[in-house]
Amino acid sequence: MSDKQNGKEDNNTKAVKPIDMDPKDLPKVPAFQDEKTREYMASTKEVEPGYYQLESKLKGFTMLFPEDSVNIPKFTNNDGEDFESIGFESNNPKTNILFYGTVRYYHKERFLENPETMLDTIRGQNGGYKGDFKKERIEDIEIYFAHEKDVFDLKRKYNYSYSYFGLVKSTEEDALGIQYDFTFGCFKDDQPCSLNEKEARKKVIKIIHSITFNKNKKEQKDDK
């Protein structure tokens, strides 16, 4: 990869967003070669191996985005102000693993003031999930995390998937948060599938731990 693709551009080039660049000058990965997806890519600089930075169109948040994932238009929309949904997926033919996820950004929503109310909604959206949510705090975000293994009533070897869902909430503003849903499964049931729960969980945690609310970041700068 060239210095330009690594984000080592001069000051003038740094101001150019990936969506405004020629695709042949972008990293040769799906996240940049897919037109709809690169609208969300903040920079051509690889933040971590295999991950770049996504920025929401409302400028509400940033997070790590897998290089092999692409946007799902039917699950992607925003209201122009305080709500945004972004859907994405990947299908790795080498591992036969299908991955898809959705993050929904909410701002100025009173139901976020009581996390338990939102978690009850998330339980209902995930088949009436009865378990608990693991709660942790990292700097200025609070994370609620749950996980389930789903087994399908089909006569095939790879008849299961792993689902991860929950809430990432700002600790700086009560009515600011992101609901997330991620699912991993085997794409073709007649081929070997290397789906591993620990690896799937590791990917999800990496993504949700990277979420940064831009409002929080702006307020921190203003306080200095």
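In the block above lies the structure referred to throughout.
Just so it is clear, the structure is predicted and the values come from calculations on it, not from any experiment.

Parameters at a glance
Residues numbered from 1 in each chain as written. Predicted model: local features only at pLDDT ≥ 70, side-chain atom pairs only at ≥ 80, totals over all residues. Heavy atoms only, no water. Helix = DSSP H or I, 4+ residues; strand = E, 2+ residues; numbered from the N terminus. Buried < 20%, exposed > 50% of the residue type's maximum accessible area, 1.4 Å probe, protein only. Contact = heavy atoms within 4.5 Å. Areas by Shrake-Rupley, 256 points an atom, 1.4 Å probe, with all protein chains shown as cover. Disulfide = S-S within 2.5 Å. Pairing = 2+ DSSP bridges. Phe/Tyr/Trp six-rings, centres within 6.5 Å; stacked < 30°, edge-to-face > 60°.

**Student:** What is the right way to read the overall build of the protein from this model?
**Tutor:** The secondary structure content of the protein amounts to 6 helices and 11 strands. The buried share of the protein, taken over its 224 residues, is 46%. In the protein, the share of contacts with a sequence separation of at least 24, taken over all contacts with a separation of at least 6, comes to 52%. For the protein, the exposed area adds up to about 12300 Å²; of that, 45% sits on carbon and sulfur atoms.

**Student:** Mind showing me how you'd approach the state of the cysteines here?
**Tutor:** In protein chemistry, a disulfide is the covalent bond that joins the sulfur atoms of two cysteines. Going through the model one piece at a time under the given rule, you end up with 1 disulfide. Note on cysteine connectivity: Cys 186 is disulfide-linked to Cys 193, with sulfurs 2.1 Å apart. Judged by the sign of its S-S torsion, about -85 degrees, the bond between Cys 186 and Cys 193 is left-handed. Grouping residues by exposure puts Cys 186 and Cys 193 together as buried.

**Student:** Explanation requested: unusual backbone geometry in the structure shown.
**Tutor:** Note: most residues except glycine have negative phi, and most peptide bonds are trans. The residue Asn 96 is not glycine, and still its phi comes out positive at about 65 degrees. The phi angle at Glu 139 is positive, at roughly 55 degrees, despite the residue not being glycine. Its place among the elements puts Glu 139 in the loop between strand E7 (134–138) and strand E8 (141–151). You can call Glu 139 exposed: its relative accessible area is 70%.

**Student:** Help me out: how do you make sense of the pairing of strand E2 (residues 61–66) in this one?
**Tutor:** Two faces make up the sheet, and in a regular strand the side chains alternate between them. With 6 of 6 residues buried, E2 is to be regarded as a mostly interior element. Of the pairings in the sheet, the one linking strand E1 (residues 51–55) to E2 comprises 5 bridges and is antiparallel in character. Looking at the pairing, Tyr 51 lines up with Pro 66 of E2. Linking E1 to E2, which pair antiparallel, is a turn of 5 residues; within it Lys 59 sits at a positive phi near 60 degrees. Across 2 bridges, E2 lies against strand E11 (residues 212–213) in antiparallel orientation. If you follow Phe 61 over to E11, its bridge partner there is Phe 213.

**Student:** Would you mind going over the packing of aromatic side chains with me for this structure?
**Tutor:** The relation between two aromatic rings is expressed through the spacing of the ring centres and the mutual angle of the planes. Applying the stated rule across the entire model yields 16 aromatic pairs. A centroid spacing of 5.1 Å and a plane angle of 65 degrees characterise the contact between Phe 65 and Phe 88, whose relative ring orientation is edge-to-face. Residue Phe 65 is found in strand E2, and its partner Phe 88 is found in strand E5 (residues 83–92); the two are separated by 23 residues along the sequence. Its relative accessible area of 2% is what places Phe 65 among the buried residues. Taking the relative accessible area as the measure of exposure, Phe 88 reaches 0% and is therefore buried. Centroid distance Tyr 129 to Phe 165: 5.1 Å. Interplanar angle 85 degrees. Geometry classified as edge-to-face. Here Tyr 129 is found in the loop between helix H4 (115–125) and E7, whereas its partner Phe 165 is found in strand E9 (residues 160–170), with 36 residues between them in sequence. Each of the two residues, Tyr 129 as well as Phe 165, counts as buried.

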